[in-house]
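Summary of the model geometry
Take a look at the letters that make up each chain.
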Amino acid sequence: MATGVKPRVKVPGSASAGEVITIKTLISHQMESGQRKDGDGNKIPRSIINRFTCDFNGENVIDVTMEPAISTNPYFEFQATVPETGEFKFTWYDDDGSVYEDSKSVTVG
Amino acid sequence: MDFTRRETLAMGAGAALLSFMPFRANAAAVDDLIAEFTGGAEMGDAGVELNAPEIAENGNTVPIEVSAPGASAILLLAAGNPTPPVAKFAFGPLAGSQTASTRIRLAGTQDVIAIAQLGDGTFARTSKTIKVTIGGCGG
């Protein structure tokens, strides 16, 4: 079980219709690869976030399948089109079944 | 025991082949992953870009950026890692551009491969050698 998982997302608060904005996300997570060994030589079991998705008003922006080779505290930077006022929804799926969510609204004005 | 020159040479070749085996197994795994993604289709060179440092001091967190205009998905592989797959980016209808950056782990100096499925259904491949000073798999 991963503890202290905290998502952080940076999205501009407003945009013009159809504008392409840059989104940065970071989530604090151990991302235990399953390759490391503890002091007694036992393998530490894998525990990672295996999927990240970003949606805007129900439409998909990006869907990332993650493997153990993604660094601790997974960071993603990508671009999204904003057609109207709405909400970005970010979802991270953990190996242990936990789902971490965050959302940010953007106003088109 | 007497060895003829021929036998000695054969043994040497066998030993050399054996020492290459782990690397070959990994290369086969990479080929399998690529075939799974492309369905065995031919791959072009143009249309996908991989941005990464030439030398990464710390293999635990290597910044990397992939972009492929018009692509629907990009597969990222690290050929020299214990498990070669790194990530797969699938772009939805609202993606502003087919670009993504993240940070990855690399076990050592190796080739990183990016394969993109372009808008017209064809595939493009690029790779880049990254030198790693300190490996990132904590073996």
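This text goes with the structure placed above it.
All values reported here derive from a predicted model rather than from experimental measurement.

As a further point, take the overall build of chain B. Across its full length, chain B carries one helix and nine strands. Taken over 139 residues, chain B has a buried fraction of 40%. When contacts within chain B are restricted to residue pairs at least 6 apart in sequence, long-range pairs at least 24 apart make up 64% of them. Carbon together with sulfur atoms contributes 56% to the accessible area of chain B, which is approximately 7,500 Å² in total.

Here we come to the environment of Ser71(A). For Ser71(A), the position within the fold is in the loop between strand 5 (59–66) and strand 6 (75–82). By relative accessible area, which is 2% here, Ser71(A) ends up buried. As a C-alpha pair, Ser71(A) and Glu32(A) span 39 residues in sequence and 9.2 Å in three-dimensional space. When near neighbours in sequence (up to four residues on either side) are disregarded, Ser71(A) contacts Met31(A), Asn60(B), Thr61(B), Val62(B), Arg103(B), Ile104(B) and Arg105(B). Here the side chain of Ser71(A) touches Asn60(B) through a polar contact of 2.7 Å, landing on its backbone oxygen.

Once that is clear, we can look at the packing of aromatic side chains. On inspection of all chains with the given rule, the structure shows eight aromatic pairs over all chains. On the numbers, 6.2 Å between centres and 25° between planes, the contact of Phe88(A) with Phe90(A) is stacked. Residue Phe90(A) is classed as buried on the basis of its relative accessible area, which comes to 0%. Following the ring pairs from residue to residue traces out a cluster consisting of Phe52(A), Phe56(A), Phe76(A), Phe78(A), Phe88(A), Phe90(A), Trp92(A) and Phe89(B). The cationic tip of Arg103(B) hangs over the ring face of Tyr75(A); the distance from NZ or CZ to the ring centre is 4.3 Å.

A separate point is the pairing of strand 5 of chain A. Of the strand pairs in this sheet, strand 4 (residues 49–56) of chain A and strand 5 of chain A are connected by six bridges, and their pairing is antiparallel. Across the sheet, residue Cys54(A) finds its bridge partner in strand 5 of chain A, namely Ile62(A). Between strand 4 of chain A and the antiparallel strand that follows it, strand 5 of chain A, lie two residues; Asn57(A) among them carries a positive phi value of about 50°. Pairing of strand 5 of chain A with strand 6 (residues 85–91) of chain B involves five bridges; the strand directions are antiparallel. Across the sheet, the residue bridging to Asp63(A) is Ala90(B), located in strand 6 of chain B.

Attention shifts here to the interface of chain A and chain B. Of the residues lining the interface, 30 residues belong to chain A; the matching set on chain B comes to 28 residues. Summed over both partners, the interface of chain A with chain B comes to about 2,400 Å²; 50% of that surface belongs to carbon and sulfur atoms. When the buried area of chain A at its contact with chain B is split by residue, Gln35(A), Ala69(A) and Ser71(A) rank highest and sum to 22% of it. In this structure, the connection of chain A to chain B is made through zero salt bridges. Across the chain A-chain B interface, the total number found is 19 residue pairs in polar contact (both at pLDDT 80 or more). A total of eight residues in the side of chain A that touches chain B trace back to one element, the largest contributor, which is strand 5 of chain A. Tallied by class, the residues present in the side of chain A that touches chain B amount to 16 nonpolar, nine polar and five charged.

This next bit is on the pattern of salt bridges. All names here are of chain A. By the definition in use, this model includes four salt bridges over all chains. Here Arg-36 and Glu-32 are joined by a salt bridge, their closest N and O atoms 2.8 Å apart. Taking the relative accessible area as the measure of exposure, Glu-32 reaches 8% and is therefore buried. A salt bridge links Arg-46 to Asp-95; its shortest N-O distance comes to 2.9 Å. Here Asp-95 lies in the loop between strand 7 (86–94) and strand 8 (99–108) and Arg-46 lies in the loop between strand 3 (19–28) and strand 4, a separation of 49 residues in the sequence. With a relative accessible area of 40%, Arg-46 lands in the partly exposed category.

Definitions and cut-offs
- Residues numbered from 1 in each chain as written.
- Chains lettered and ligands numbered in written order.
- Predicted model: local features only at pLDDT ≥ 70, side-chain atom pairs only at ≥ 80, totals over all residues.
- Heavy atoms only, no water.
- Helix = DSSP H or I, 4+ residues; strand = E, 2+ residues; numbered from the N terminus.
- Buried < 20%, exposed > 50% of the residue type's maximum accessible area, 1.4 Å probe, protein only.
- Contact = heavy atoms within 4.5 Å.
- Areas by Shrake-Rupley, 256 points an atom, 1.4 Å probe, with all protein chains shown as cover.
- Polar contact = N/O pair within 3.5 Å; in protein donor to acceptor, adjacent residues only side chain to side chain.
- Phe/Tyr/Trp six-rings, centres within 6.5 Å; stacked < 30°, edge-to-face > 60°.
- Lys NZ or Arg CZ within 6 Å of the ring centre and 35° of its normal.
- Pairing = 2+ DSSP bridges.
- Buried area = accessible area lost by both parts, 1.4 Å probe.
- Salt bridge = Lys/Arg side-chain N within 4 Å of Asp/Glu carboxyl O.
- Nonpolar A, V, L, I, M, F, W, Y, C, P; charged D, E, K, R; others polar.

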